[in-house]
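Architecture and fold: a report
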Amino acid sequence: KNEVEQSPQNLTAQEGEFITINCSYSVGISALHWLQQHPGGGIVSLFMLSSGKKKHGRLIATINIQEKHSSLHITASHPRDSAVYICAGWRSGTYKYIFGTGTRLKVLA
Amino acid sequence: SQTIHQWPATLVQPVGSPLSLECTVEGTSNPNLYWYRQAAGRGLQLLFYSVGIGQISSEVPQNLSASRPQDRQFILSSKKLLLSDSGFYLCAWSQLGPRREKLFFGSGTQLSVL
């Protein structure tokens with residue numbers, strides 16, 4: 001079993017829909033990044049969370065450290081949001097990140 | 001500004017040939033450096049990480065090695081490539097700090113071993 005589980009693995013939405021991607025982890029982490037990977041492979045960090053909630057434009061990320069769970073929400077989704085979204089936890093007491101396997105999102109016009 | 005450069009973007013190499021992928025970071029000092037491999041449809045697998053010059057930690061015993069000859073330079077190497085070394089390789093850096101906000105990835109190298 002992966003230390004970090006994401007759901008769903010694949011998601012197809014119509015433009016304008018509200019989207020939620022979930023990330024659960026089974027080990028202690030002290031910070032979590034939500035990453036976006038576009039076709040072509042480049043990865044960018046959208047958020048870093050250690051508690052609570054953050055909002056950047058149409059993206060909202062929440063984390064509950066006690067429940068070991070984080071969510072990424074996209075409001076008013078757009079085809080340009082189509083990408084793979086990956087959660088990455090900074091494993092407590094180490095120099096390492098642990099990664100989910102990613103959620104492949106496709107937003108149709 | 002802080003940036004990370006990784007090259008080459010694509011590489012096709014015959015089995016048994018050597019490999020050298022290079023990654024350099026700008027705009028920061030003493031970063032933590034990482035090499036990952038991403039297999040199709042799978043998550044990122046940590047290969048090596050480094051917290052300082054000359055300090056390399058290997059996560060997965062394999063045909064690859066890493067070196068950090070300078071503070072902001074990280075190199076992934078192999079003396080003899082295997083077919084199983086094919087994949088997408090990503091370099092990344094992070095900065096330890098109270099908020100650990102910084103995590104940046106290179107643009108990746110698609111390696112095909114034939």
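In this report, we go over the structure that sits alongside the text. (Residues numbered from 1 in each chain as written. Chains lettered and ligands numbered in written order. Predicted model: local features only at pLDDT ≥ 70, side-chain atom pairs only at ≥ 80, totals over all residues. Heavy atoms only, no water.)

Details of the packing of aromatic side chains
Residue and element names in this part refer to chain B. Heads up, the condition is: Classification of ring pairs rests on two measures: the distance between centres of Phe, Tyr or Trp rings, Trp counted by its six-membered ring, which must be within 6.5 Å, and the angle between planes, read as stacked under 30 degrees, edge-to-face over 60 and tilted in between. The numbering of helices and of strands both runs from the N terminus, where a helix is a DSSP run of H or I of at least 4 residues and a strand a run of E of at least 2. Partly exposed describes any residue whose relative accessible area lies between the buried limit of under 20% and the exposed limit of over 50%, with all areas from a 1.4 Å probe on protein chains only and scaled to the type maximum.
On inspection of all chains with the given rule, the structure shows ten aromatic pairs over all chains. When the ring of Tyr36 is compared with that of Phe105, the centres are 6.1 Å apart and the planes differ by 40°; the resulting orientation is tilted. Pair noted here: Tyr36 is in strand β4 (residues 32-38) and Phe105 is in strand β10 (residues 103-105), with a separation of 69 residues, a long-range link. Each member of the pair, Tyr36 together with Phe105, is buried. Look at Trp93 and Phe104: their rings are 5.1 Å apart centre to centre, the planes differ by 25°, and that puts the pair in the stacked class. Here Phe104 lies in strand β10 and Trp93 lies in strand β9 (residues 87-94), a separation of eleven residues in the sequence.

What to know about the interface of chain A and chain B
Using the following cut-off: Note on contacts: a residue pair is in contact if any heavy atoms of the two residues lie within 4.5 Å. Two parts placed together each lose some accessible area under a 1.4 Å probe, and adding up what both lose gives the buried area. Within this document, salt bridges are pairs made up of a side-chain nitrogen of Lys or Arg and a carboxyl oxygen of Asp or Glu, the two lying within 4 Å of each other. In the analysis that follows, any N or O atom pair within 3.5 Å is treated as a polar contact, provided that within protein one partner can donate a hydrogen and the other can accept it, and provided that, for residues neighboring in sequence, both atoms belong to side chains.
Taken together, the contact pairs 19 residues of chain A with 21 residues of chain B. For the chain A and chain B pair, buried surface summed over both sides reaches about 1,700 Å², with 64% attributable to carbon and sulfur atoms. Where chain A touches chain B, the interface holds one salt bridge. Here Lys96 of chain A and Glu59 of chain B are joined by a salt bridge, their closest N and O atoms 3.2 Å apart. Joining chain A to chain B, the criterion identifies three residue pairs in polar contact (both at pLDDT 80 or more). The set of elements that each furnish at least two residues to the side of chain A that touches chain B consists of β4 (29-37), β5 (43-49), β9 (83-91) and β10 (97-99) of chain A. Looking at which element gives the most residues to the side of chain A that touches chain B, the answer is β4 of chain A, with four residues.

Re unusual backbone geometry
Ser7 of chain A connects to Pro8 of chain A through a cis peptide bond whose omega is -10°. Take Pro8 of chain A: it is sitting in the loop between β1 (4-7) and β2 (10-14). A cis geometry characterises the amide bond from Trp7 of chain B onward to Pro8 of chain B, with omega recorded as 0°. As for its placement among the helices and strands, Pro8 of chain B is situated in the loop between β1 (3-7) and β2 (10-13). The backbone of Asn30 of chain B shows a phi angle near 50°, a positive value even though the residue is not glycine. Structurally, Asn30 of chain B can be placed in the loop between β3 (19-26) and β4.

A closer look at the pairing of β1 of chain B
All names here are of chain B. Going by this rule: At least two DSSP bridges between two strands are needed for those strands to be called paired.
Alternating residues of β1 divide into Ile4 and Gln6, all buried, and Thr3, His5 and Trp7, none buried. With five bridges joining them, β1 and β3 adopt antiparallel strand pairing. Note that in β3 the partner of Ile4 across the bridge is Val25.

Re the sheet that holds β1 of chain B
Residues and elements named next belong to chain B. Our working rule: Inter-axis angles, ranging from 0 to 180 degrees, are taken between N-to-C directions of lines fitted to C-alpha atoms, where helices are fitted over the stretch in contact.
The strand order across the open sheet formed by four strands is β1-β3-β8-β7, and the pairing between neighbours is antiparallel. Where the open sheet ends on each side, the last strands, each with one partner, are β1 and β7 (65-70). Pairwise comparison of adjacent strand axes, ignoring direction, gives a mean angle of 20° for this sheet.

Observations regarding the state of the cysteines
Residue and element names in this part refer to chain A. Where we set the bar: Any two cysteine sulfur atoms lying within 2.5 Å of each other are counted as a disulfide.
With the rule as written, the count across this model stands at two disulfides over all chains. Put simply, Cys23 and Cys87 are joined by a disulfide, and their sulfur atoms are 2.1 Å apart. Across the disulfide from Cys23 to Cys87, rotation about the S-S bond amounts to roughly 80°, and the bridge is consequently right-handed. Note that Cys23 is positioned in strand β3 (residues 19-25) and Cys87 in strand β9, a separation of 64 residues in sequence. Exposure remark for Cys23: the relative accessible area of 0% places this residue in the buried category. In this structure Cys87 comes out as buried when scored by relative accessible area, which is 0%.

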